[in-house]
2 protein chains.
Amino acid sequence: MGGAKGSYGQLLLLFSLFLSRRPQLTISWSESAAAEAEAIAAIPCSGHGRAYLDGILVDGVPTCECNTCYAGADCSQLLPDCPADADSGDPLFLEPYWQQHAASSAVVFSGWHRMSYRTTGDYFISVELEKHIRLLHEAVGNAVTDGRFIVFGSGSTQLLNALVYALSPENASTPASVVATAPYYALYKLQTDLFDRREYEWKGVTSKWVNASVASMGNFIEFVTSPNNPDGRLLQSVLGGSSVIYDHAYYWPHFTAIPAPADEDVMIFTASKVTGHASSRFGWAVIKDEKVYQKATEYMQLNTMGVSRDTQLRVLKLVKVMLAEMRGEGGIFEFGHKTTRERWSKLSKVISSSNRFSLQQLSPLYCTYFKKIIDPSPAYAWLKCEMEGDVDCSAVLREAGIISRAGAVFEASSRYARLSLIKTQDDVDLLLQRMEALVSKEDVASF
Amino acid sequence: MGGAKGSYGQLLLLFSLFLSRRPQLTISWSESAAAEAEAIAAIPCSGHGRAYLDGILVDGVPTCECNTCYAGADCSQLLPDCPADADSGDPLFLEPYWQQHAASSAVVFSGWHRMSYRTTGDYFISVELEKHIRLLHEAVGNAVTDGRFIVFGSGSTQLLNALVYALSPENASTPASVVATAPYYALYKLQTDLFDRREYEWKGVTSKWVNASVASMGNFIEFVTSPNNPDGRLLQSVLGGSSVIYDHAYYWPHFTAIPAPADEDVMIFTASKVTGHASSRFGWAVIKDEKVYQKATEYMQLNTMGVSRDTQLRVLKLVKVMLAEMRGEGGIFEFGHKTTRERWSKLSKVISSSNRFSLQQLSPLYCTYFKKIIDPSPAYAWLKCEMEGDVDCSAVLREAGIISRAGAVFEASSRYARLSLIKTQDDVDLLLQRMEALVSKEDVASF
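Computed from a predicted structure; not experimentally measured.

1. Thoughts on the overall build of chain A
At step 1: Counting its regular elements, chain A contains 12 helices and 22 strands.
At step 2: Taking the principal axes of its C-alpha atoms as reference, chain A extends roughly 75 × 60 × 45 Å.
At step 3: A total of 447 residues make up chain A; the buried ones form 61% of that total.
At step 4: Counting contacts in chain A only where the partners sit at least 6 residues apart, residues at least 24 apart contribute 68% of the total.
At step 5: Of the accessible surface of chain A, which amounts to about 16900 Å², a share of 53% is contributed by carbon and sulfur atoms.
At step 6: Separation of charge centres in chain A, based on 41 positive and 49 negative side chains, amounts to 4 Å.

Dropping the structure here:
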């Protein structure tokens, strides 16, 4: 609301500047940068790649960066026998959205843009960006931010450990135990192990500790991912202690129905899974307690002196577009949800005719954002190999030309594997093709 | 709100009609972003501030962000009795340089620019940027990079701890001791304490350990800052062990003569002190040993999954400008050195007539970049209060309306204080004024 008003005001200013300077337009110093960006964006890559300003130069021109399994100077060549790569959570499913909103989402950086350490807010945070993030949560209805503090991080990645640090008791005789429910996002363990301090250490899966008497001591820090990565379930804290970090990276209408605004004490979000800009390394935490906020802020200052202000400007522009288009024809959640829902639906259809594989069960749910019951649209398929001999599901898939993320990475059984549904359409098309071929072999085998 | 949105739409339509009348250019989707950036850059702030795209909006328009001690909507008002702030190392002395190179240093980001985690190089690093950083070192002659590995960090800040981690021995019975020579940059201690792990801990000033037998065990990690912050001296390792982190943040012709290319095993640099973009949070380490490189890389992946790709694109553009203009009329080192040299020379002149204060001794030196003997141009003055009663030099200055960084922050005597010479011209002008007034009082007192 304030965002719309803000952009209106900006536009009004621009407009009056333009009126006063007719017929001469005011583009001067940014003209060659604009021409360069457009020229490079116009390099033809056959719809299977794109050229970037900072791409590798060949004969002085950035080359097309092709989607997986495509090659050639213009990415027109489909590589034979190339495995379908469904491993990473690279959120390129939103790339076409931003291409469709090219004019509104572009940003021009002057060479002298905001060089100082100082920003408009405290602790290196842009006041306008913080305001627009609150507006975004309000417009989507996925989190309560009133009266909460917000900390920015270089991706949610940096915030994971910042919050473990912030929640660790000071001067405790034993380190706090950091736990998560399997299947869980591997970085929780890897990062806690990397930084393991005298104050905290990784202690494995939450379920081990449910009945332990130590749990009542409150010296636990529990990661809860909701919707869960990899299986998309909406989860709650198991230990119910006071130190719970809710990772809500996927709590957006792209990936799940939103039953109600999340209202926990510590919540983490990331641009990667809402705008799709994994590259920008931008996340934020919404924090209720002031002391936890102060400690997380201290961590951010000493670790990196805050988040790139360049990225803060870019994300501000993206959030403004999302707000301006909210719930309309060009809405990002309408686009995102439609894309992931169709991908899940197609994969489900393929797997439904299989006896060898199964998927996690997800049901249609009422979504307060869409104001109706919506079909599942998870970021990942959590595939199970059902046959006795298929002990290593990821290996079974690999044999069939599909790269998955093995269940063991999530401290789950190797009978499981994660398949990403949020990469490029090329990746998903190839995945569906290969899964279809794999499942159709079952029929042949059963004859 | 609906009304506002309606008129916003109408205005947008009118606005784009105006834009579409531009006759000659091949600019389309980036045009409104370019016009917006130029309109905001053109907001008049009296030469004592500037408006930014992501500035705080008042009536929908970004407000001028004024230099310290200036206020008013257009920053024209000099605040009476405002203290000269010479505290931080905010490198705004280079802001005019980029304003003078507006056309070549602007960058246009499309909304879909490089969204993926993946970049052109390994470990989230831009191949073109890495190449241009090597070219920059070669052109300046300040570091050997041939056959070395390069790791990017969110400022040199993030790399400090990444390298402490990378240099820590694994499975040692006692933690490695991290040390630095006083006066030293406070972050070495603060960050090591924040992250103190079972593998390393902060152990204070290097000199304490020179004759200790433990030093011979090699279980020390020594920070060496050269030129030193705060006093600008070119330093070498004191312990001479194998685990030395050379912080060369200031080893550029802006701040020092370059006697020879630095050639140590582990060297850190930061954009903040060469391009002046503290805000971008971009630094790099040049590393000889592959295992150290691998561990630092692992740290960068788990801590933040690399550095903002937005920032990598922006820094690439800045480095390209620096290389294109190298040693010419528009050279950044010519600009930077001239600025800092003049500031130092003026301050030295003021202090030379004082009995109460003294500055660090710096001599003219032969510089391989300028190919001649050059006068000192340090980033900071390291001021000493010489009179017996002036035990707390920073307090003496504060009394006279000057904010400095106290000697104690650098684990040095409180008879010292650091004065920044790299902030805006307004800051330095006010500092010189106040120092002049303070020194002239000595004459009065001595009558």
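2. Some points on unusual backbone geometry
At step 1: With an omega of -5°, the peptide bond running from Ala182(A) to Pro183(A) counts as cis.
At step 2: Mapped onto the elements, Pro183(A) comes out in the loop between β10 (176-180) and α7 (187-194).
At step 3: Residue Pro230(B) is reached from Asn229(B) by a cis peptide bond, and omega for that bond is 25°.
At step 4: On the secondary structure map, Pro230(B) appears in the loop between β12 (220-225) and β13 (244-247).
At step 5: Although it is not a glycine, Ser46(A) adopts a positive phi angle of roughly 60°.
At step 6: Assignment of secondary structure puts Ser46(A) in the loop between α2 (31-41) and β1 (49-50).
At step 7: Ser46(A) sits in the partly exposed class, given a relative accessible area of 37%.

3. Considering helix α6 (residues 155-167) of chain A
At step 1: Between the first and last C-alpha of α6(A) there are 19 Å, a value that for 13 residues agrees with the 18 Å anticipated at 1.5 Å per step.
At step 2: Most of α6(A) sits out of view: 13 of its 13 residues are buried.

4. Description of the UniProt feature "domain: Alliinase EGF-like" (unreviewed entry) in chain A
At step 1: Per the UniProt record, "domain: Alliinase EGF-like" (unreviewed entry) is annotated on residues 28-82 of chain A.
At step 2: Across residues 28-82 of chain A, the secondary structure splits into 20% helix and 22% strand, with the terminal C-alpha atoms separated by 47 Å.

5. Some remarks on the relation of the copies chain B and chain A
At step 1: Mapping chain B onto chain A calls for a rotation angle of 180° and an axial translation of 0.0 Å; the resulting RMSD is 0.1 Å. Such a combination of rotation and displacement between the chain copies is what one expects of a two-fold axis.
At step 2: By residue overlap, the copies meet face to face through one surface: 92% of the interface positions of chain B are interface positions in chain A.

6. Observations concerning the interface of chain B and chain A
At step 1: At the junction of the two partners, chain B supplies 116 residues and chain A supplies 113 residues.
At step 2: Carbon and sulfur atoms supply 61% of the area buried between chain B and chain A, which totals about 10500 Å² over both sides.
At step 3: The interface formed by chain B and chain A contains 8 salt bridges.
At step 4: With a closest N to O distance of 2.8 Å, Glu65(B) and Arg114(A) form a salt bridge.
At step 5: In this assembly, chain B and chain A are joined by 56 residue pairs in polar contact (both at pLDDT 80 or more).
At step 6: Taken together, the residues of the side of chain B that touches chain A sort by class into 56 nonpolar, 33 polar and 27 charged.
At step 7: With 3 bridges connecting them, strand β8 (residues 107-109) of chain A and strand β8 (residues 107-109) of chain B associate as antiparallel partners.

7. Remarks on the environment of Glu436(A)
At step 1: Within the element layout of this structure, Glu436(A) appears in helix α12 (residues 425-446).
At step 2: Sequence separation between Glu436(A) and Cys385(A) is 51 residues; the distance between their C-alpha atoms is 15 Å.

8. Section: the sheet that holds strand β15 (residues 283-287) of chain B
Within a sheet, each strand pairs with its neighbour through backbone hydrogen bonds, oriented either parallel or antiparallel.
All names here are of chain B.
At step 1: A sheet is described by the order of its strands in space; here 7 strands give the open sequence β9-β15-β14-β13-β12-β10-β11, paired in mixed fashion. Strand pairing shows two members of the sheet lacking a second neighbour, β9 (149-153) and β11 (200-205), which therefore form its edges. For this sheet, the mean angle separating the axes of adjacent strands, direction not counted, is 25°.
At step 2: Here β9 pairs with β15 via 5 bridges, running antiparallel. Of the residues in β15, the one forming a bridge with Val151 is Ala285.

9. What to know about the state of the cysteines
Residues and elements named next belong to chain B.
At step 1: A full pass over the atoms with the stated rule returns 8 disulfides over all chains.
At step 2: Residue Cys66 pairs covalently with Cys75 via a disulfide, S to S 2.1 Å. Sign of the S-S torsion, about -85° for the bond between Cys66 and Cys75, identifies this disulfide as left-handed.
At step 3: Looking at Cys66, the relative accessible area reads 17%, which means it is buried.
At step 4: Take Cys75: its relative accessible area is 0%, and that puts it in the buried class.
At step 5: The cystine pairing of chain A, numbering bonded cysteines in sequence order, is 1-2, 3-5, 4-6, 7-8.

10. Some remarks on the sheet that holds strand β19 (residues 380-385) of chain A
All names here are of chain A.
At step 1: Reading across the sheet, the 4 strands line up as β16-β19-β22-β21 and stay open at both edges, with antiparallel pairing between neighbours. Of all the strands in the sheet, just β16 (357-358) and β21 (405-406) have a single pairing partner and so form its edges.
At step 2: Across 2 bridges, the pairing between β21 and strand β22 (residues 416-420) is antiparallel. In the sheet register, Ala406 faces β22, and the bridge partner there is Ala417.
At step 3: Across the face of the sheet, helix α10 (residues 332-352) comes into contact with β16, β19 and β22 while running at roughly 10° to β19.

11. Topic: the domain arrangement of chain A
Interface extent is often summarised as the accessible area lost during association of the parts.
At step 1: We note that the domain assignment places domain 1 (28-82), domain 2 (122-325) and domain 3 (332-445) within chain A.
At step 2: If you average the C-alpha positions of domain 1 of chain A and of domain 2 of chain A, the two centres end up 35 Å apart.

12. Remarks on helix α5 (residues 127-140) of chain A
Residues and elements named next belong to chain A.
At step 1: Counted at 1.5 Å a residue, the expected span for α5 with its 14 residues is 20 Å, and the 20 Å between its end C-alpha atoms agrees.
At step 2: Within α5 the residues assigned to the buried category are Glu128, Leu129, His132, Ile133, Leu135, Leu136, His137 and Val140.
At step 3: After α5 finishes, the residue Gly141 shows a positive phi value of roughly 75°.

13. Considering the environment of Arg356(B)
Residue and element names in this part refer to chain B.
At step 1: For Arg356, the location among the structural elements is in the loop between α10 (332-352) and β16 (357-358).
At step 2: Expressed as a C-alpha distance, the spacing of Arg356 and Lys384, which sit 28 residues apart in the sequence, is 8.4 Å.
At step 3: Residues in contact with Arg356, not counting those within four places in the same chain, are Lys384, Cys385, Glu386, Met387, Asp390, Val396, Leu438 and Glu442.

14. Some points on the pattern of salt bridges
Pairing between side chains becomes possible if they bear opposite charge and their charged atoms approach one another.
At step 1: Taken as a whole, this structure holds 36 salt bridges over all chains when the rule is applied.
At step 2: The partner of Glu170(A) in a salt bridge is Lys295(A), with the nearest N and O atoms 3.4 Å apart. Taken together, the residues span a long stretch of sequence, with Glu170(A) in the loop between α6 and β10 and Lys295(A) in helix α8 (residues 290-304) at a distance of 125 residues.
At step 3: Relative accessible area serves as the criterion here: at 10%, Lys295(A) is assigned to the buried category.
At step 4: The residue Asp390(A) makes a salt bridge to Arg356(A) at a minimum N-O spacing of 2.7 Å. Residue Asp390(A) is located in the loop between β19 and α11 (393-399), and its partner Arg356(A) is located in the loop between α10 and β16; the two are separated by 34 residues in the primary sequence.
At step 5: In this structure, a network of salt bridges that share partners links the residues Asp54(A), Glu65(A) and Arg114(B).

15. Side note on the pairing of β15(B)
All names here are of chain B.
At step 1: Summarising burial for β15: 5 of the 5 residues are buried, a large majority.
At step 2: Bridge analysis of strand β14 (residues 266-270) against β15 gives 5 bridges, and the strand direction is antiparallel. Residue pairing for β15: Val266 is matched across the bridge by Ile287.

16. Observations concerning the confidence of the model for chain A
Residue and element names in this part refer to chain A.
At step 1: Taken as a whole, chain A shows an average pLDDT of 92; of its residues, 92% reach a score of 70 or greater.
At step 2: Note on residues 1-9: pLDDT is under 50 here. Beyond four places in sequence and across chains, it has 15 contacts.
At step 3: Segment residues 18-24: pLDDT under 50, and 9 contacts once partners within four positions in sequence are set aside and those in other chains are kept.
At step 4: For this predicted complex, the interface confidence score (ipTM) comes to 0.93, while the overall pTM stands at 0.93.

17. Some points on the packing of α5(A) against helix α9 (residues 309-324) of chain A
Residues and elements named next belong to chain A.
At step 1: In the contact formed by α5 and α9, the axes pass within 10 Å of each other and the chain directions differ by 30°. One element, α5, and the other, α9, form an angle in the roughly parallel class. In the packing of α5 onto α9, the handedness of the crossing is left-handed. Across the interface between the two elements, Glu128, Leu129, His132, Leu135, Leu136 and Ala139 from α5 touch Gln312, Val315, Leu316, Val319, Lys320, Met322 and Leu323 from α9.

Reading the values: rules and limits
- Residues numbered from 1 in each chain as written.
- Chains lettered and ligands numbered in written order.
- Predicted model: local features only at pLDDT ≥ 70, side-chain atom pairs only at ≥ 80, totals over all residues.
- Heavy atoms only, no water.
- Helix = DSSP H or I, 4+ residues; strand = E, 2+ residues; numbered from the N terminus.
- Buried < 20%, exposed > 50% of the residue type's maximum accessible area, 1.4 Å probe, protein only.
- Contact = heavy atoms within 4.5 Å.
- Areas by Shrake-Rupley, 256 points an atom, 1.4 Å probe, with all protein chains shown as cover.
- Lys, Arg positive; Asp, Glu negative; His and termini not counted.
- Charge placed at Lys NZ, Arg CZ, Asp CG, Glu CD.
- Expected span 1.5 Å × (residues − 1).
- UniProt positions renumbered as here; feature names shortened; annotations may be inferred.
- Least-squares fit on C-alpha atoms with pLDDT ≥ 70 in both.
- Buried area = accessible area lost by both parts, 1.4 Å probe.
- Salt bridge = Lys/Arg side-chain N within 4 Å of Asp/Glu carboxyl O.
- Polar contact = N/O pair within 3.5 Å; in protein donor to acceptor, adjacent residues only side chain to side chain.
- Nonpolar A, V, L, I, M, F, W, Y, C, P; charged D, E, K, R; others polar.
- Pairing = 2+ DSSP bridges.
- Axes fitted to C-alpha atoms, helices over the stretch in contact; angles between N-to-C directions.
- Disulfide = S-S within 2.5 Å.
- Domains from an automatic or database assignment.
- pLDDT = per-residue confidence, 0-100.
- Parallel < 35°, antiparallel > 145°, perpendicular 65-115°, else oblique.
- Left-handed = near helix turned anticlockwise from the far one by under 90°.

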